[in-house]
Amino acid sequence: QVQLVESGGGLVQAGDSLRLSCVASGRTFSSYAMGWFRQAPGKEREFVARINRSGITTDYADSVKGRFTISRDNAQNTVYLQMNSLKPEDTAVYYCAADRDTWSRLPGAMEYWGKGTLVTVSS
């Protein structure tokens, strides 16, 4: 069992930056690929970024590529999402997720989820 707790969300203006953090419980954090997803009101949950177990390989949705950076610190059981040049369309609840068995962008493939942190970007 893995428990994930996100933090770092808030209300910012367009063009600002935020860094989200996700702390995982347990001693097997490095066994999981980690992902960030988001869900805007009235929309389905969508993939944002993912990082493999070692942190060497990353992948981003086209909508955030060049603006967001995912990273991880396995010693601290933490995955981060640095979000720069935020836009109003980035407004959503951001979720951290863990996946041990697959390398997928699909929300349904993730094994564990946090409860989310709200990011609101005003224009």
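Residues numbered from 1 in each chain as written. Predicted model: local features only at pLDDT ≥ 70, side-chain atom pairs only at ≥ 80, totals over all residues. Heavy atoms only, no water.

J.: What exactly am I supposed to notice about the state of the cysteines here?
T.: Disulfides are covalent bonds that link the sulfur atoms of two cysteine residues. On inspection of all chains with the given rule, the structure shows one disulfide. Each sulfur of the disulfide joining Cys 22 and Cys 96 lies 2.1 Å from the other. Residues Cys 22 and Cys 96 are joined through a disulfide that is left-handed, its torsion about the S-S bond being -75 degrees. Placement of the pair is Cys 22 in strand S3 (residues 18–24) and Cys 96 in strand S9 (residues 92–99), with a sequence separation of 74 residues. For the pair formed by Cys 22 and Cys 96, the shared burial category is buried. (Disulfide = S-S within 2.5 Å. Helix = DSSP H or I, 4+ residues; strand = E, 2+ residues; numbered from the N terminus. Buried < 20%, exposed > 50% of the residue type's maximum accessible area, 1.4 Å probe, protein only.)

J.: How should I be thinking about unusual backbone geometry in this particular structure?
T.: Most peptide bonds take the trans configuration, and most residues that are not glycine carry a negative phi. Notably, Asn 77 is not glycine yet its phi reads approximately 55 degrees, a positive angle. One can find Asn 77 in the loop between strand S7 (68–73) and strand S8 (78–83). Phi at Ser 85 is positive, roughly 50 degrees, even though this residue is not glycine. For Ser 85, the position within the fold is in the loop between S8 and S9.

J.: Would you take a moment to explain the side chain of Asp 90 for this structure?
T.: Within the element layout of this structure, Asp 90 appears in the loop between S8 and S9. Excluding its chain neighbours within four sequence positions, the residues that come into contact with Asp 90 are Arg 38, Arg 67, Phe 68, Ser 85, Val 119 and Val 121. (Contact = heavy atoms within 4.5 Å.)

J.: Would you explain the pattern of salt bridges in this entry?
T.: A side chain of one charge can pair with a side chain of the opposite charge when the charged atoms of the two come close. Scanning the model with the defined rule gives six salt bridges in all. For the salt bridge of Arg 50 with Asp 59, the shortest nitrogen-to-oxygen distance reads 2.8 Å. For the pair Arg 50 and Asp 59, a shared accessibility class is recorded, and that class is buried. As a salt-bridge pair, Arg 67 and Asp 90 come within 2.7 Å of each other at their nearest N and O atoms. Separated by 23 residues along the polypeptide, Arg 67 in the loop between strand S6 (58–60) and S7 and Asp 90 in the loop between S8 and S9 bring together distant segments of the chain. Here Arg 67 matches Asp 90 in class, with each residue buried. In this structure, a network of salt bridges that share partners links the residues Arg 38, Glu 46, Arg 67 and Asp 90. (Salt bridge = Lys/Arg side-chain N within 4 Å of Asp/Glu carboxyl O.)

J.: Just checking my understanding: could you explain the packing of aromatic side chains for this structure?
T.: Aromatic rings in a pair are described by how distant their centres are and how their planes are angled relative to each other. The tally for this structure, following the rule as stated, stands at four aromatic pairs. Ring plane angle 75 degrees and centroid distance 5.9 Å describe the contact between Phe 37 and Phe 47, whose orientation is recorded as edge-to-face. Of this pair, Phe 37 sits in strand S4 (residues 33–39) while Phe 47 sits in strand S5 (residues 46–51), and the two are ten residues apart along the sequence. For Phe 47, a relative accessible area of 9% puts it in the buried group. Here the aromatic residues Phe 37, Phe 47, Tyr 95 and Trp 113 are joined through ring pairs into a cluster of three or more. The ring of Trp 103 has Arg 50 sitting right over it, with the charged end atom 4.1 Å from the ring centre. (Phe/Tyr/Trp six-rings, centres within 6.5 Å; stacked < 30°, edge-to-face > 60°. Lys NZ or Arg CZ within 6 Å of the ring centre and 35° of its normal.)

J.: Can you walk me through the sheet that holds S3 in this structure?
T.: Each strand in a sheet pairs with another by means of backbone hydrogen bonds, the pair being arranged parallel or else antiparallel. In space, the four strands of this open sheet follow the order S1-S3-S8-S7, with antiparallel pairing throughout. Lying at the two open borders of the sheet, with one neighbouring strand each, are strand S1 (4–7) and S7. Strand-to-strand, the axes of this sheet are offset by a mean angle of 15 degrees, without reference to chain direction. As paired elements, S7 and S8 share six bridges and run antiparallel to each other. Bridge pairing links Arg 72 to Val 79 in S8. (Pairing = 2+ DSSP bridges. Axes fitted to C-alpha atoms, helices over the stretch in contact; angles between N-to-C directions.)

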